[in-house]
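Each chain, letter by letter, is given below.
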Amino acid sequence: MAGRTFTGHIAVFSTSLLLILNLLVTLGGVASLVIEFVIEHKPSRTGWLLIIVAIFTIASGLVGLCSSTRRGCFTLQLVLLAFSVVGLIAAALSIFFKAHQVLSHLSPKIAQNTALKILRVDAAILFITFCAQVVVLVLGICVNCCDLNDHYEDIEMNRDMARTQAAADKRASMKGESKAAQLAEQMKQKYGKWADNGSDKNTTK
């Protein structure tokens with residue numbers, strides 16, 4: 001079996017990296033959404049903006065998880081990425097530099113100091129998710145605009161061929177075992193009768 005080329009290794013590495021980053025993006029969006037509902041049980045207008053950003057981020061991550069291992073869905077992911085990236089950096093910077101002002105537009109159901117700390121944690125999550133999204137965006141464009149797509153198709157084809165070969169080997173093994181069992185039964189029936197007849201004669205004598 002021939003070894004992978006350098007470009008093939010890059011394709012495999014980029015596939016794994018995209019999966020990890022999109023999973024991180026999805027988790028970041030979920031965490032931000034949970035934090036918003038922890039701060040506000042009934043979201044305000046500013047709260048709804050943060051929720052929309054989180055929803056776009058989650059959707060982008062989920063679509064990215066689907067499109068990172070196969071071609072397609074990249075246009076939809078690109079649109080979701082654009083909205084998510086802009087929303088993430090805007091929300092993170094607003095909270096970082098104007099945390100008290102942002103908190104004043106929210107309607108927290110918990111203590112102000114606690115809400116402020118949680119809000120800053122949310123800002124950190126948003127910023128980390130933003131960085132992951134930027135890497136996903138750059139890597140996704142490189143993958144879809146370069147020759148790596150051919151290697152993705154090769155990876156998919158090799159996986160399909162491996163699954164098909166494994167299924168064929170399993171069927172052949174089961175068929176061989178079945179034939180061996182039939183042959184053993186035939187031999188038993190054929191020579192078993194002779195053995196029984198011989199033992200009967202010896203008993204008679």
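For the chain, an unreviewed UniProt entry supplies the name Tetraspanin and the organism Sphagnum jensenii.

(A) Quick peek at helix α2 (residues 45–67). End to end, α2 covers 33 Å across 23 residues, agreeing with the expected 33 Å (1.5 Å per residue, within 8%). Buried residues of α2: Gly47, Leu50, Ile51, Val53, Ala54, Thr57, Ile58, Ser60, Gly61, Val63, Gly64 and Ser67, and no others.

(B) Looking closely at the nonpolar core. Core analysis: the largest hydrophobic core is formed by 27 residues, its most contacted members being Ile95, Leu103, Leu106, Leu119 and Leu126. Broken down by secondary-structure element, the contributors of at least two residues to this core are α1 (6–39), α2, α3 (74–97), α4 (99–105) and α5 (112–145). Ranked by residues supplied to this core, first place goes to α5 with 10 residues.

(C) Broad picture of a nonpolar patch on the surface. Residues Leu93, Phe96, Phe97 and Phe127 make up a contiguous nonpolar surface patch of about 430 Å² in total accessible area. Top contributing element to the nonpolar patch by residue count: α3, with three residues. Within the secondary structure layout, Phe96 lies in helix α3.

(D) View of the packing of α2 against α3. Contact pair α2 / α3: the axes reach a minimum separation of 8 Å and the direction vectors enclose 140°. Considering their axes alone, α2 and α3 lie oblique with respect to each other. Judged by the twist between their axes, the crossing of α2 over α3 is left-handed. Across the interface between the two elements, Leu50, Val53, Phe56, Thr57, Ala59, Ser60, Val63, Gly64 and Ser67 from α2 touch Leu76, Gln77, Leu80, Leu81, Phe83, Ser84, Gly87, Leu88 and Ala91 from α3. Residues belonging to the contact of α2 with α3 are distributed by class as follows: 11 nonpolar, seven polar and no charged.

(E) Spotlight on the side chain of Ser84. In this fold, Ser84 is placed in helix α3. Judged by relative accessible area, Ser84 falls into the buried class, the value being 0%. Excluding its chain neighbours within four sequence positions, the residues that come into contact with Ser84 are Phe56, Thr57 and Gln133.

(F) Representation of the packing of aromatic side chains in the model. Under the criterion given, the structure shown has three aromatic pairs. Seen in terms of ring centroids, Phe127 and Phe130 are 6.2 Å apart; in terms of plane orientation they differ by 35°. Their pairing is tilted. In this pair, Phe127 and Phe130 are both assigned in helix α5, three residues apart and thus about one turn of the helix distant. According to the relative accessible area criterion, Phe130 is buried, its value standing at 16%. Among the aromatic residues, those joined into a ring-pair cluster are Phe96, Phe127 and Phe130.

Conventions we followed
Residues numbered from 1 in each chain as written. Predicted model: local features only at pLDDT ≥ 70, side-chain atom pairs only at ≥ 80, totals over all residues. Heavy atoms only, no water. Helix = DSSP H or I, 4+ residues; strand = E, 2+ residues; numbered from the N terminus. Expected span 1.5 Å × (residues − 1). Buried < 20%, exposed > 50% of the residue type's maximum accessible area, 1.4 Å probe, protein only. Core = buried A, V, L, I, M, F, W, Y, C linked by side-chain atoms within 4.5 Å. Patch = residues over 30% accessible without salt bridge, like charges linked within 9 Å, V, L, I, M, F, W, Y side chains within 5 Å. Areas by Shrake-Rupley, 256 points an atom, 1.4 Å probe, with all protein chains shown as cover. Salt bridge = Lys/Arg side-chain N within 4 Å of Asp/Glu carboxyl O. Axes fitted to C-alpha atoms, helices over the stretch in contact; angles between N-to-C directions. Parallel < 35°, antiparallel > 145°, perpendicular 65-115°, else oblique. Left-handed = near helix turned anticlockwise from the far one by under 90°. Contact = heavy atoms within 4.5 Å. Nonpolar A, V, L, I, M, F, W, Y, C, P; charged D, E, K, R; others polar. Phe/Tyr/Trp six-rings, centres within 6.5 Å; stacked < 30°, edge-to-face > 60°.

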